[in-house]
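# A structural walkthrough
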Amino acid sequence: MTYEPRRLERKWQERWEDGGRYEADPGDDEDATFVTVPYPYPSGGMHIGHARTYTVPDVYARYRRLQGDDVLFPIAWHVTGTPIIGAVNRLQKGEEEQLSVLRDTYNVPEDELEELETPMGFARYFIENHYKRNMKSLGLSIDWRREFTTNDERYSKFVTWQYETLREDDRLEKGFHPVKYCTEEENPVTTHDLLEGEEAERQEYTLVKFGLGDTKVPMATLRPETVRGVTNAYIKPDGKYVEAEVDGETWLVSHDAAQKLTLQQRDVEIVDEFRGEALVGERVENPVTGEDVLILPADFVDPDNATGVVMSVPAHSPDDWMALQAAKADDERLREYGIDPAEVAEIEPKAIIDVEAYDDVFPARAAVEEHGITSADDPELEKATQEVYNREFHSGTLKDMYGEYAGKVVEDVRDELAARYRDSGQFDAMYDFSEPVVCRCGGKVEVAEQETWFLTYNDEDWKALAHEAVSNMDVVPETSRDQFDHTIDWLEEWPCIRNYGLGTKLPWDDDFVIEPLSDSTIYMAYYTIAHRIEDVPPEELTTEFFDALFDGPEAVEGEAPEKALELREEWDYWYPVDYRVSGNDLISNHLTFFLFHHADLFERASWPEGVAIMGMGLLEGEKMSSSKGHVVLPAEAIEEYGADTVRFFLLNSAQPWQDYDWRAEEVASTRKGLDRFYERAEDVVSLEAPEREDIELRRIDRWLLSKLQRTIERTTAAMDEFETRSASQEAFYRFEEDLRWYRKRTDTERPAAKWVRQEVLRTRLRLLAPVVPFLANELHEALDGVPVEDAAWPSVDRDLESTRVEVEEDLIESLVDDVRDIVDVTGTDPDAITVYTPAEWKGTVFETVAETGPDVGAVMGTVMQKESLRERGDAVNDLVQDLVSDVREYDDEELAALEAVDETELYADAAGFLAREFDASVDVVPEADATDEKASQAVPFRPAIRLE
């Protein structure tokens, strides 16, 4: 029958759902596996990248079930925060981009758009029509009884318990803290709330307060140590600027800067507004040197960046070097603003930092020349600028004009220098982002300082616990462990509330809700009892209830709630989490928060046991983007290729922690491979094979069964380490090569061969079942009468392992390859092939090399003790040199097997196969019986070959 994936996939999907196949309940033993994955945030549809995210843990869950474990793999829906509200707002406003994403990317019918105009209506649409439907179509083995949304009343009670406990443990503090702030929603946001600028860094700028009479013109810099090198300044002539009273001082800054300073708890009152051109040509006083610097016009200045006025240090900034050259060359523009070009021509760079990496006193000039930069538009300019900054920061020393700081490395004194000038009132500070940041609602995001409750991730004792959690858990891949420790080290306080959005109210102040990353740290614990806690009235879900549930009856005064103790049994059965499978980008926030909170709220025995990290996905070589429509929808991919093909490609194209690239051509090729596998498998299923006791296995049968044992061993090891690509490569592609060889080497219609082929298929279906569950269940049931899920993961049968038959078959395959190489090189079509096996003395030399090891001197010392070999002189020496190289390729077991091989008998037994393969007669002749000089070229396990 032709492989029709969607037909059989729908059949198995219905069977699993109707029978509650993956509903996990505590068993009688301790073999339990609990695997989780971040719950989706349904602010849009599911794309193929999400499909891989949820398929990786499913593969592991299915593997552990076949190993005999009770396995819990749950899912829920993350709806708290503002992204869904932002999406609804954009929909209600009729924003064309949002409408395009919904209609064109996620195929939302026009008549259903209205359903999306409430936050939960929006979430429910994508939960039911995208995530849940696709997850079932993909065959994810989820226990659907345990699903919940994060604004469910009972879940909120669980979050309330968490935050009351954290506060009691002194893990929460209140104070001013810089946060990402949406100016549209007037609400703090996190990275998950952002539409643009997710990678933007919050930067603290030093403001150098240049003077214009009694007025200050603050200029922002990330390099306060360069203040003595300022030669001029730049402003955007048509930019919008203001005169403002800032904390009692008169400042001239951009209008945008005034708004940012207001958000950062500065007392700002705008007195007047003007265009930047009003300051062009003015001279302002450097507060540190007392020197006047000229303000020049420049269109490259961005009023929305910091203060909108830029100081120039051309000796140490390639950007500034090029800008000054351009200004000097534009006499016409200077005159337009009433500036004498001669004044600008006299501006000279000031060297303030010595850097050994540059011969030039002006590092900026040296870098510009080194990179061949001729204009400010050259993309190399940014690279050159960063290079100078890095070299000066790490190894540059300040010149004599810095007094007590002279001769000091910039890195060692920058902060101290800036602090001293700030204390004296010459410097100030403000925050800004390294690039524009936009909220999902479309609002502009700025850095704001707000009084907020924050989690004290900077507490050393809490950091120590988090480090301990990392050290005690399995991390896949191991290289990611350092990322966790690094994140724990740099992590500071984390604002955990906002005054807007869906979510659990802050227990002691219901004007605020707990933000999404902060309410999603230990929800894995809630999965264990989610389906049973529905029987408990919400008002009974008190702090004492959860204390008893998670900490036992001794954690509460008086009698513990009976229902809590009942639920504790299930919690205790499943916890801790065996593996948390998540993306690499979440190490810097969610995954590390997950460890901090477990370390504080639970005993060590309940801390996470493992984390498996996943890479990112590309689509035809480019980053996926829902907003640009550059995504593949799982439903469409499944319909076109089949769910097993989608799963196989996602799991086989790269190891889970590596980035992968969805390419339609390669996916189609994967489908063809499954087509061939299915059709051949059906042929094997239909064979009338005898029972094992009724057959006698030939050497080639024993070879294939031995290779099968190696495949079981390697596939199992790979699955244990989440190496899904290695596992599928072993069980599918690499073993397929062994099968091709087997089919060439023997009559596959022999009774024994029929039994072997069915045994091989049975085993491979079990090995492949976690990756292609629909196909594997269908074929296994046809073969054995039961679904593969009712079978067991195969174990290695040591009785079927045989290094000797594998080594012997490798020798035959090598012989075939050697003959084919000669045929290809000579262009001949031989009628006769003669295979010369080596003389007995050569075998003796091989045995000596094998026993002595690859030490030429030691081998020669041994062989030359034998007179029969000593007489052969140089021939023995040459052979030893040759064989030492060969022996290095084998392990001890293989060497022992080789010593037992009779090459003449082996090749003679394969002569019929060789004759068929090359349509030629084949003779196998020992060197001792040969008259052909060619025979002398034979060495152990590399026979000489004559074609005629």
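The following paragraphs examine the structure supplied in this document. A quick note: this is a predicted structure, and the numbers were derived from the prediction, not measured. Residue numbers restart at each chain and count upward from 1, following the sequence in its written direction. Only residues with pLDDT of at least 70 get local features here, since the model is predicted, and only at 80 or more are side-chain atom pairs given and counted; chain-wide, interface and lining totals rely on the full set of residues. For side-chain calculations, the full set of non-hydrogen atoms in the structure is used, while hydrogens and water are omitted.

With that out of the way, let us pick up the packing of aromatic side chains. Put simply, two rings from Phe, Tyr or Trp (the six-membered ring, in Trp's case) pair if the centres are within 6.5 Å, and we call them stacked under 30 degrees between planes, edge-to-face over 60, tilted for the rest. Under the criterion given, the structure shown has 55 aromatic pairs. Measuring from centroid to centroid gives 6.1 Å for Trp-321 and Phe-362, while their planes differ by 45°, and the two rings are tilted. Of the two residues, Trp-321 sits in helix α8 (residues 318–329) while Phe-362 sits in the loop between β15 (353–354) and α11 (363–370), which places them 41 residues apart along the sequence. Accessible area is worked out with a 1.4 Å probe on protein chains only. A residue is then buried under 20% of its type maximum, exposed over 50%, and partly exposed in between. Among the residues examined, Phe-362 registers a relative accessible area of 14% and is labelled buried. Over the aromatic face of Trp-16 sits the side chain of Arg-62, whose NZ or CZ is 4.8 Å from the ring centroid. Helix numbers and strand numbers start at the N terminus; a helix is a DSSP run of H or I with at least 4 residues, a strand a run of E with at least 2. By the criterion adopted, a ring carries a charge over it if an Arg CZ or a Lys NZ lies within 6 Å of its centre and within 35 degrees of its normal.

Attention shifts here to the packing of α8 against α11. Note on method: axes are straight lines fitted to C-alpha atoms, helices fitted across the in-contact stretch only, with angles between N-to-C directions ranging 0 to 180 degrees. Their axes nearest at 8 Å, the elements α8 and α11 cross at an angle of 85°. As summarised for this structure, α8 and α11 are arranged roughly perpendicular, according to the angle between their axes. Note on element contacts: α11 touches α8 through Ala-364, Arg-365, Ala-367 and Val-368, opposite Pro-318, Trp-321 and Met-322. Each residue gets one label: Ala, Val, Leu, Ile, Met, Phe, Trp, Tyr, Cys and Pro are nonpolar, Asp, Glu, Lys and Arg are charged, and the others, such as Gly, are polar. Here the residues of the contact of α8 with α11 sort into six nonpolar, no polar and one charged. Roughly parallel here means an angle under 35 degrees, roughly antiparallel means over 145, roughly perpendicular means 65 to 115, and every remaining angle is called oblique. Here, residues are in contact when the closest pair of their heavy atoms is within 4.5 Å.

The subject of this paragraph is the pattern of salt bridges. By definition here, a salt bridge exists when the distance from a side-chain nitrogen of Lys or Arg to a carboxyl oxygen of Asp or Glu is within 4 Å. Scanning the entire structure with this criterion turns up 76 salt bridges. Between Asp-720 and Arg-64 there is a salt bridge, and its shortest N-O distance comes to 3.9 Å. Placement of Asp-720 in helix α23 (residues 699–720) and of Arg-64 in helix α2 (residues 48–66) is noted, with a sequence separation of 656 residues between them. The salt bridge involving Arg-420 is made with Glu-404; its shortest N-O contact spans 2.4 Å. With Arg-420 in helix α13 (residues 410–423) and Glu-404 in the loop between β16 (397–398) and α13, the pair connects residues that are 16 residues apart, well separated along the chain. Note on Glu-404: relative accessible area 54%, which makes it exposed.

Moving on to the environment of Asp-886. Within the secondary structure layout, Asp-886 lies in helix α31 (residues 874–887). Under the relative-accessibility criterion, Asp-886 is labelled buried at 15%. Note: C-alpha distance between Asp-886 and Phe-941 (55 residues apart in sequence) is 9.5 Å.

Note on placement: Asp-694 falls in the loop between α22 (664–685) and α23. Each C-alpha atom, one on Asp-694 and one on Val-771, is 34 Å from the other, the two residues being 77 residues apart in sequence.

Consider a sheet: its strands pair through backbone hydrogen bonds, and that pairing is either parallel or antiparallel. If DSSP finds at least two bridges between two strands, the strands pair. Spatially, the four strands line up as an open sheet ordered β4-β3-β19-β21, and their pairing is antiparallel. The two strands at the open ends of the sheet, each matched to only one other strand, are β4 (187–189) and β21 (494–495). Note: strand β3 (residues 172–182) against β4, three bridges, orientation antiparallel. Within β4, the position partnered with Lys-180 by the bridge is Val-189.

Turning our eyes to something else, we now look at the pairing of strand β26 (residues 610–614). Among the five residues in β26, five count as buried, and that is most of the element. Side chains Gly-610, Ala-612 and Met-614 project from β26 onto one buried face, and the interleaved Val-611 and Ile-613 project onto a second face that is buried too. Judged from the four bridges that link them, strand β25 (residues 579–583) and β26 form a sheet pairing that is parallel. By the bridge assignment, Gly-583 is partnered in β26 with Met-614. A clockwise path from the first strand over the helix to the second, with the strands pointing away from the viewer, defines a right-handed crossover. Handedness of the β-α-β unit built from β25, helix α19 (residues 590–601) and β26 comes out right-handed.

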